[in-house]
Amino acid sequence: MAEDEEVQRVLNAIDALGEQGDAAERAKRLTELLDELPDSQSRARELRQQAVQELRADGMTLRAIGELLGISFGRVRQIADGVTNPRTQKRPAAE
């Protein structure tokens with residue numbers, strides 16, 4: 001379960017979409033949510049990438065950021081480079 005209150009509120013709101021109203025209303029709301037998720041996920045990834053790049057610019061190491069986020073430093077590098085799916089996407093060439 002997420003510790004951050006804002007994240008928990010979002011998760012609770014998603015649960016509420018599936019619990020309130022009749023089946024037709026729930027299905028419509030959940031369909032709308034699912035239709036919007038790809039754009040929302042993309043935006044969340046962009047915002048995460050910006051935050052990781054900001055931490056790097058402030059002097060944090062990949063390893064320190066990884067420890068902070070609970071992920072490997074290799075994954076931190078991928079996030080900073082904009083790699084969303086390391087299995088199918090290669091890191092951008094160094095400029």
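Residues numbered from 1 in each chain as written. Predicted model: local features only at pLDDT ≥ 70, side-chain atom pairs only at ≥ 80, totals over all residues. Heavy atoms only, no water.

Chemist: Can you walk me through helix α1 (residues 5–17) in this structure?
Modeler: Counting along an α-helix, one turn takes 3.6 residues, and residues three or four places apart therefore face a common direction. Between the first and last C-alpha of α1 there are 18 Å, a value that for 13 residues agrees with the 18 Å anticipated at 1.5 Å per step. Where α1 starts, the residue carrying a side-chain oxygen 2.8 Å from the main-chain nitrogen of Glu 6 turns out to be Asp 4. (Helix = DSSP H or I, 4+ residues; strand = E, 2+ residues; numbered from the N terminus. Expected span 1.5 Å × (residues − 1). Polar contact = N/O pair within 3.5 Å; in protein donor to acceptor, adjacent residues only side chain to side chain.)

Chemist: I tried to follow the packing of helix α2 (residues 23–57) against helix α3 (residues 62–69) on my own but got confused; where do I start?
Modeler: Axis angle and axis distance: for two packed helices, these are the angle between their axes and the distance between the axes, and together they describe the pair. The interhelical angle for the contact between α2 and α3, taken along N-to-C directions, is 135°, at an axis separation of 10 Å. Between α2 and α3, the angle is such that the two are oblique. In the crossing of α2 with α3, the sense of the turn from one axis to the other is right-handed. Contacts between α2 and α3 involve Val 52, Leu 55 and Arg 56 from the first element and Leu 62, Ile 65, Leu 68 and Leu 69 from the second. Of the residues belonging to the contact of α2 with α3, the class tally is six nonpolar, no polar and one charged. (Axes fitted to C-alpha atoms, helices over the stretch in contact; angles between N-to-C directions. Parallel < 35°, antiparallel > 145°, perpendicular 65-115°, else oblique. Left-handed = near helix turned anticlockwise from the far one by under 90°. Contact = heavy atoms within 4.5 Å. Nonpolar A, V, L, I, M, F, W, Y, C, P; charged D, E, K, R; others polar.)

Chemist: Just checking my understanding: could you explain the layout of surface pockets for this structure?
Modeler: A probe matching the size of a water molecule, rolled over the atoms, marks out where space remains unfilled. Here the largest pocket defines a volume of roughly 330 Å³. Residues of the lining of the largest pocket, tallied by class, amount to four nonpolar, no polar and two charged. If you add up the space inside the second largest pocket, you get close to 170 Å³. Considering the residues around the second largest pocket, the lining is formed by Glu 6, Val 7, Val 10, Leu 11, Ile 14, Leu 17, Leu 33 and Leu 37. Listed by contribution, the elements that provide at least two residues to the lining of the second largest pocket are α1 and α2. The greatest single-element share of the lining of the second largest pocket, amounting to six residues, is contributed by α1. (1 Å grid on protein atoms, 1.4 Å probe; cavity = no way out; pocket = protein on both sides within 12 Å on 5 of 7 lines; lining within 4 Å. Points joined across faces, edges and corners; volume = space filled by probe spheres on them.)

Chemist: Got a minute to help me understand a negative patch on the surface in this structure?
Modeler: A grouping of Glu 32, Asp 35, Glu 36 and Asp 39 is seen on the molecular surface, where their side chains present a negatively charged patch. By the secondary structure assignment, Asp 39 is in helix α2. By relative accessible area, which is 56% here, Asp 39 ends up exposed. (Patch = residues over 30% accessible without salt bridge, like charges linked within 9 Å, V, L, I, M, F, W, Y side chains within 5 Å. Areas by Shrake-Rupley, 256 points an atom, 1.4 Å probe, with all protein chains shown as cover. Salt bridge = Lys/Arg side-chain N within 4 Å of Asp/Glu carboxyl O. Lys, Arg positive; Asp, Glu negative; His and termini not counted. Charge placed at Lys NZ, Arg CZ, Asp CG, Glu CD. Buried < 20%, exposed > 50% of the residue type's maximum accessible area, 1.4 Å probe, protein only.)

Chemist: Before we go on, may I ask you to explain the nonpolar core in this structure?
Modeler: Nonpolar side chains in soluble globular proteins tend to be buried together. With six residues, the main nonpolar core is built from Val 52, Leu 62, Ile 65, Val 76, Ile 79 and Ala 80. Looking at this core, the elements with two or more residues in it are α3 and α4 (73–81). A per-element tally of this core places α4 first, with three residues. Leave out the neighbours within four places in its chain, and Ile 65 touches Val 52, Leu 55, Arg 56, Met 60 and Val 76. (Core = buried A, V, L, I, M, F, W, Y, C linked by side-chain atoms within 4.5 Å.)

Chemist: So what exactly am I meant to see when it comes to the pattern of salt bridges here?
Modeler: Opposite charge on two side chains permits them to pair, given that their charged atoms come into close proximity. A complete count under the given rule lists one salt bridge for this structure. Two residues, Arg 43 and Glu 46, come together in a salt bridge whose shortest N-O distance is 3.3 Å. On the criterion of helical spacing, the pair formed by Arg 43 and Glu 46 is a turn pair, its members being three residues apart in helix α2. On the basis of relative accessible area, Arg 43 is assigned to the partly exposed category, the value being 42%. Judged by relative accessible area, Glu 46 falls into the partly exposed class, the value being 37%.

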